[in-house]
Amino acid sequence: MATVLYVDDEPAIRRAVVQWLSRRGHMVYAVGSLADAREVLVAQPVDGVFVDLWLGKESGCELQSWIEQHRPELSANVVYVTGDITACEASESPFGTLARPVLSKPFELRQLDDVVDRWMKQPSR
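Residues numbered from 1 in each chain as written. Predicted model: local features only at pLDDT ≥ 70, side-chain atom pairs only at ≥ 80, totals over all residues. Heavy atoms only, no water.

A. Quick peek at the overall build of the protein chain. The number of helices and strands found in the protein chain is five helices and seven strands. Counted from the first residue to the last, the protein chain has its helices and strands arranged as β-α-β-α-β-β-β-α-β-α-β-α. Per-residue burial for the protein chain yields a buried fraction of 45% across its 125 residues. For the protein chain, the proportion of contacts with a sequence separation of at least 24, taken over those separated by at least 6, is 67%. For the protein chain, the accessible surface area stands at approximately 6,600 Å², while carbon and sulfur atoms represent 51% of it. (Helix = DSSP H or I, 4+ residues; strand = E, 2+ residues; numbered from the N terminus. Buried < 20%, exposed > 50% of the residue type's maximum accessible area, 1.4 Å probe, protein only. Contact = heavy atoms within 4.5 Å. Areas by Shrake-Rupley, 256 points an atom, 1.4 Å probe, with all protein chains shown as cover.)

Below, the structure is given as structure tokens:
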């Protein structure tokens, strides 16, 4: 089973994700800030990360940059979640080209399964 980090500033969504993925046998760390996410990533082996694009005044893109520097083996296993899909599509997006998969909120929880299954099938596992 996978070890997943889910980063979102909405507690209800974090709870739902933890419940969903835990019932499938996965270990899930769910946090609401980039600082907490970095703490988990320093201390725990993680197979992949779901991160909200907007975390209050923080951006999931900041975590992606941190991962590229400190946990580059996870870089390909970062998926953004956002309710602001226009930010992902706009050519003038403050994020530029995300170049990462995006799940649009509200997403169906089973979509998480598809992503985690892909992570688990990677040759490096």
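B. Here's a closer look at the side chain of serine 59. Inspection of the secondary structure assignment puts serine 59 in strand β5 (residues 58-59). Residue classification places serine 59 among the buried residues on the basis of a relative accessible area of 8%.

C. Region of interest: the pairing of strand β1 (residues 3-7). With five of five residues buried, β1 is to be regarded as a mostly interior element. Burial along β1 is two-sided: the residues Thr3, Leu5 and Val7 and Val4 and Tyr6 are all buried. Relative to strand β2 (residues 27-31), β1 runs parallel, the two sharing five bridges. Along β2, the bridge assignment pairs valine 4 with valine 28. The pairing of β1 with strand β3 (residues 48-52) spans four bridges and is parallel. What sits directly across from valine 4, in β3, is glycine 48. (Pairing = 2+ DSSP bridges.)

D. Highlighting the sheet that holds strand β7 (residues 102-104). On the basis of which strands lie adjacent, the open sheet formed by five strands has the order β2-β1-β3-β6-β7 and parallel pairing. The strands lining the two open edges of the sheet, one partner per strand, are β2 and β7. Neighbour to neighbour, the strand axes of the sheet diverge by 20 degrees on average, direction disregarded. Note that β3 and strand β6 (residues 78-82) share four bridges and pair parallel. Of the residues in β6, the one forming a bridge with valine 51 is tyrosine 80. The sheet strands contacting helix α1 (residues 11-23) are β1 and β2, and the helix crosses β2 at an angle near 175 degrees. Lying over the sheet, helix α5 (residues 110-120) contacts β1, β3, β6 and β7, oriented at roughly 145 degrees with respect to β3. (Axes fitted to C-alpha atoms, helices over the stretch in contact; angles between N-to-C directions.)

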